[in-house]
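Chain by chain, the residues run as shown.
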Amino acid sequence: MSVSTALSDTTDIPAYMQAVGTAAREAAQGLRRADSGRKNRALEAMAERLDKAREAVLAANADDMQRGRDAGLDAALLDRLELTEARINAMIEGLRQVAALPDPVGEVDGLRARPSGIQVGQMRVPLGVIGIIFESRPNVTVEAASLCLKSGNACILRGGSEARSSNAALSECLKAGLEDAGLPAGAVQVVATTDRAAVGELIRMPEFVDVIIPRGGKSLIARVSREASVPVIKHLDGVCHVYVDATADVDKALAIAVNAKTQRYGTCNTLETLLVDAPVAERLLPALAERFAEYEVELRGCERTRQVLSRITPASDDDWSEEYLAPVLAIKVVDGADDAMAHIERYGSQHTDTIVTQDYSLARRFMAEVDSSSVMVNASTRFADGAEYGLGAEIGISTDKLHARGPVGLEGLTTRKYIVFGDGHVRQ
């Protein structure tokens, strides 16, 4: 039995987490010797084990769901917590899709000869041990494990207490798949204790953990960012903007704004503030209001917006920095691109921002000057996603500038080291 399940009722949290960290560090060393074929065999074996364990996984999830209902979890949380046959199928397919992705580990870039005669390049290598802290959704256990394994990293996964039975059942499938492929079981460990002190230990173990990735609500991410002594890859908010320039094609602007807001409300790449250039406000805003009314989206506008749409709610200063994650949209009329970009600089969260324009020079300027992890031209913010970017899958989206930025796929879970080829060369 692995350390992550053997001590599920421990009261000595520091000792438990030290044991988990030790096992992860040892496994990371073993994974450096694993080629793509072995990692892919492990992912396929995990998929097979999960397929065979459907009944056990669904039964464990039923226990979690009942505890959640008894605890008064709301419908949205229960939906994220629930596993169904379709969601298990998606997890199995996800494992196989990650197995089919190109392996970034070992890639060598930029090899070039130097005047001394040596050749210098960079090799892509795993980060080492990744700690991932997440809430509610047990399918994250499988997604995170698959991406970390394919990129050659050991991982320590700490899911929410509401999903503890589901995560334990999924953990057994993942460990069995590793063993089937001859890889160390410590490569994927699910923290068994629900004691919150385990999170505090995990984020302060730089001797064992190379990076922490929190996936959850703002309070969780803020706590991890504040308290961690391990580097963190994270984003706090998704306050995303669409700016409609005076030269924009109105039909394109309508389609982009409506899709960016209504395609899905509860995601970090959903539109939260619409900026409209003053010359097109009277023409565009009534049409936008009509379209958003079809989706029952509440509009909150600045004073100039309300001169055109008099019945909408006045926007407060707080609305400009709000991540609604709901059918609510703030609208502001601005005086050109400088005004729009100044608003984004002040209120944005450096996540995803779009300009709708027919002016190529302005589009280039917007891309260069807006300091966000994804900047788009004539496209919905909802495209800010690892799968849509061709990464195959993502572990999350980062608004940091070090080490990864934007959707974090397999390459984002690796780093580079310099490699040098010589033939008896010595420095003169």
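In what follows, the structure referred to is the one given above.
Procedures and definitions
Residues numbered from 1 in each chain as written. Predicted model: local features only at pLDDT ≥ 70, side-chain atom pairs only at ≥ 80, totals over all residues. Heavy atoms only, no water. Core = buried A, V, L, I, M, F, W, Y, C linked by side-chain atoms within 4.5 Å. Buried < 20%, exposed > 50% of the residue type's maximum accessible area, 1.4 Å probe, protein only. Pairing = 2+ DSSP bridges. Helix = DSSP H or I, 4+ residues; strand = E, 2+ residues; numbered from the N terminus. Contact = heavy atoms within 4.5 Å. Axes fitted to C-alpha atoms, helices over the stretch in contact; angles between N-to-C directions. Phe/Tyr/Trp six-rings, centres within 6.5 Å; stacked < 30°, edge-to-face > 60°. Lys NZ or Arg CZ within 6 Å of the ring centre and 35° of its normal. 1 Å grid on protein atoms, 1.4 Å probe; cavity = no way out; pocket = protein on both sides within 12 Å on 5 of 7 lines; lining within 4 Å. Points joined across faces, edges and corners; volume = space filled by probe spheres on them. Nonpolar A, V, L, I, M, F, W, Y, C, P; charged D, E, K, R; others polar. Patch = residues over 30% accessible without salt bridge, like charges linked within 9 Å, V, L, I, M, F, W, Y side chains within 5 Å. Areas by Shrake-Rupley, 256 points an atom, 1.4 Å probe, with all protein chains shown as cover. Salt bridge = Lys/Arg side-chain N within 4 Å of Asp/Glu carboxyl O. Expected span 1.5 Å × (residues − 1). Arc of directions from axis to C-beta. Parallel < 35°, antiparallel > 145°, perpendicular 65-115°, else oblique. Left-handed = near helix turned anticlockwise from the far one by under 90°.

Caption draft 1: Structural context of the nonpolar core. The biggest cluster of nonpolar side chains holds 73 residues, and the ones touching the most others in it are L50, V57, I132, L157, V209 and I212. Counting 34 residues, the second largest nonpolar core, distinct from the first, contains V242, V244, L254 and A260.

Caption draft 2: Spatial organisation of the sheet that holds strand β7 (residues 240-244). The 7 strands lie next to each other as β10-β9-β11-β8-β7-β12-β13, forming an open sheet whose pairing is parallel. The sheet is open, and its two borders are formed by β10 (313-314) and β13 (374-377), each paired with just one other strand. Of the strands in this sheet, β7, β8 (271-277), β11 (328-334) and β12 (352-356) touch helix α14 (residues 336-347), which is tilted by about 175 degrees from β7.

Caption draft 3: Structural detail: the packing of aromatic side chains. All told, the structure shown has 0 aromatic pairs when counted by the stated rule. In this structure, K332 packs its charged tip against the face of W320, placed 5.9 Å from the ring centre.

Caption draft 4: Structural context of the sheet that holds strand β5 (residues 188-190). Taken together, the 4 strands give an open sheet; going across it, the order is β5-β4-β3-β6, and neighbouring strands pair in parallel fashion. Unpaired on one side and paired on the other, β5 and β6 (211-215) mark the two borders of the sheet. Looking at each pair of strands side by side, their axes are set apart by 15 degrees on average, direction ignored. Taken together, the 5 bridges between strand β3 (residues 129-134) and β6 define a ladder with parallel strand orientation. Directly across from F134, in β6, lies its bridge partner R215. Here helix α2 (residues 13-31) sits on the sheet and contacts β3, β4 (154-158) and β5; the angle it forms with β4, its principal contact strand, is near 150 degrees. Along the sheet face, helix α8 (residues 164-180) touches β3 and β5 and points at about 165 degrees away from the line of β5.

Caption draft 5: Main features of the layout of surface pockets. Volume-wise, the second largest pocket comes out at about 340 Å³. Along the wall of the second largest pocket there are 14 residues; nearest its centre are E135, R158, G160, R196 and L220. Listing elements by their share of the lining of the second largest pocket, those giving two or more residues are β3 and α10 (218-227). Ranked by residues supplied to the lining of the second largest pocket, first place goes to α10 with 3 residues. When its residues are assigned to classes, the lining of the second largest pocket shows 4 nonpolar, 5 polar and 5 charged.

Caption draft 6: Local environment of a nonpolar patch on the surface. Residues V108, L111 and F421 make up a contiguous nonpolar surface patch of about 260 Å² in total accessible area. Here F421 shows up in strand β16 (residues 414-421). Judged by relative accessible area, which is 46%, F421 ranks as partly exposed.

Caption draft 7: Quick look at helix α6 (residues 85-100). In this model, α6 (16 residues) spans 23 Å end to end at C-alpha, consistent with the 22 Å of a helix rising 1.5 Å per residue. Three or more residues of α6 are buried, namely I88, M91, I92, L95, V98 and A99. Around the axis of α6, the buried residues are gathered within 125 degrees of arc, so they sit on the same side. The outward face of α6, more than 90 degrees from its buried face, is lined by the exposed residues A86 and A100.

Caption draft 8: Region of interest: the packing of α14 against helix α15 (residues 360-369). Axis separation between α14 and α15 bottoms out at 11 Å; the angle between their running directions is 20 degrees. With respect to α15, the element α14 is oriented roughly parallel. Crossing geometry of α14 relative to α15 is assigned as right-handed. Counting all contacts with α14, which are made through A337, D338, M341 and I344, the residues of α15 involved are L362, R365, F366 and E369. Residues of the contact of α14 with α15, tallied by class, amount to 5 nonpolar, no polar and 3 charged.

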